[in-house]
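Working through the structure, step by step
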Amino acid sequence: MCLLLFLTPFGPSTTGPYSQAIAANGLLFTAGQIPFDPATMTVVGSDIQTQTAQALRNLRAVVEAGGSSFDRVVKTTVFLKDMNDFAKMNEVYAQAFGDARPARSAVEVARLPRDVLVEIECVALINN
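Notes on the structure in this doc start here. (Residues numbered from 1 in each chain as written. Predicted model: local features only at pLDDT ≥ 70, side-chain atom pairs only at ≥ 80, totals over all residues. Heavy atoms only, no water.)

As for the overall build of the protein chain
Along the protein chain, the regular secondary structure elements total two helices and six strands. Along the chain direction, N to C, the helices and strands of the protein chain fall in the order β-β-β-α-β-α-β-β. In terms of C-alpha radius of gyration, the protein chain reaches 14 Å, essentially the compact-globule figure of 14 Å for 128 residues. Along the first, second and third principal axes, the C-alpha atoms of the protein chain reach 40 × 30 × 25 Å. (Helix = DSSP H or I, 4+ residues; strand = E, 2+ residues; numbered from the N terminus. Rg over C-alpha atoms; globule rule 2.2 N^0.38 Å.)

Remarks on the packing of helix α1 (residues 48–65) against helix α2 (residues 86–97)
At a minimum axis separation of 9 Å, α1 and α2 run at an interaxial angle of 35°. Of the two possible hands of crossing, α1 and α2 adopt the one that is right-handed. Across from Ile-48, Gln-49, Thr-52, Ala-53, Leu-56 and Arg-60 in α1, the residues of α2 making contact are Lys-88, Met-89, Val-92, Tyr-93, Ala-96 and Phe-97. Grouping the amino acids of the contact of α1 with α2 by side-chain chemistry returns eight nonpolar, two polar and two charged. (Axes fitted to C-alpha atoms, helices over the stretch in contact; angles between N-to-C directions. Left-handed = near helix turned anticlockwise from the far one by under 90°. Contact = heavy atoms within 4.5 Å. Nonpolar A, V, L, I, M, F, W, Y, C, P; charged D, E, K, R; others polar.)

Considering α2
Compared with an ideal rise of 1.5 Å per residue, which puts 12 residues at 16 Å, α2 spans 16 Å between its outermost C-alpha atoms and is within 8% of the ideal. Restricting attention to buried positions, one finds in α2 the residues Met-89, Val-92, Tyr-93 and Phe-97. Relative to the axis of α2, the buried residues are bounded by an arc of 130° and lie together on one face. Of the residues in α2, the exposed ones pointing more than 90 degrees away from the buried face are Glu-91 and Gln-95. Close packing links the buried residues of α2 with α1, β4 (73–80) and β5 (103–108). (Expected span 1.5 Å × (residues − 1). Buried < 20%, exposed > 50% of the residue type's maximum accessible area, 1.4 Å probe, protein only. Arc of directions from axis to C-beta.)

So, the packing of aromatic side chains
Across all of its chains, the model carries two aromatic pairs by this definition. Here the aromatic rings of Phe-70 and Phe-97 are separated by 4.3 Å at their centres, their planes lie at 5°, and the arrangement is stacked. Placement of Phe-70 in the loop between α1 and β4 and of Phe-97 in helix α2 is noted, with a sequence separation of 27 residues between them. Just as Phe-70 is buried, Phe-97 falls in that class too. Relative to Phe-97, the ring of Tyr-93 lies with its centre 4.6 Å away and its plane at 35°, an arrangement referred to as tilted. Taken together, the residues Tyr-93 and Phe-97, both in helix α2 and four residues apart, mark about one turn of the helix. Given a relative accessible area of 5%, Phe-97 falls into the buried group. Through pairs of rings, three or more aromatic residues link up here, namely Phe-70, Tyr-93 and Phe-97. Its end group placed over the ring of Phe-70, Arg-60 keeps NZ or CZ at 4.1 Å from the ring centre. The ring centre of Tyr-93 lies 4.4 Å from the NZ or CZ of Arg-104, which sits over that ring. (Phe/Tyr/Trp six-rings, centres within 6.5 Å; stacked < 30°, edge-to-face > 60°. Lys NZ or Arg CZ within 6 Å of the ring centre and 35° of its normal.)

Purely geometric numbers; function is a separate question.
Spelled out as structure tokens, the structure:
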């Protein structure tokens, strides 16, 4: 099995011993994306809608750098600081994915890096 590591300057750089994404056997596995501005590595926004939109922009950049697209995403996982934010997150998420409807899990967690409100990761098919 061949593993390919991906890194894009259009998504936040990694802050630890991990990759933005790894491709294996026709699938792209992304690291969780939080609402960092890739240029400044600072948190964008203080509300769930703004943070979700930025996390999804970062996720899209990583997915596209890995040779895929949002319409090829098969599974996402959304980590929320507060499940009461689910409906507002979901509005932004639905706009970003359009007609694509990947399988999804959403869970509330005790804490996220930099105390952000949301983190999103995915698995996508790699374009041929």
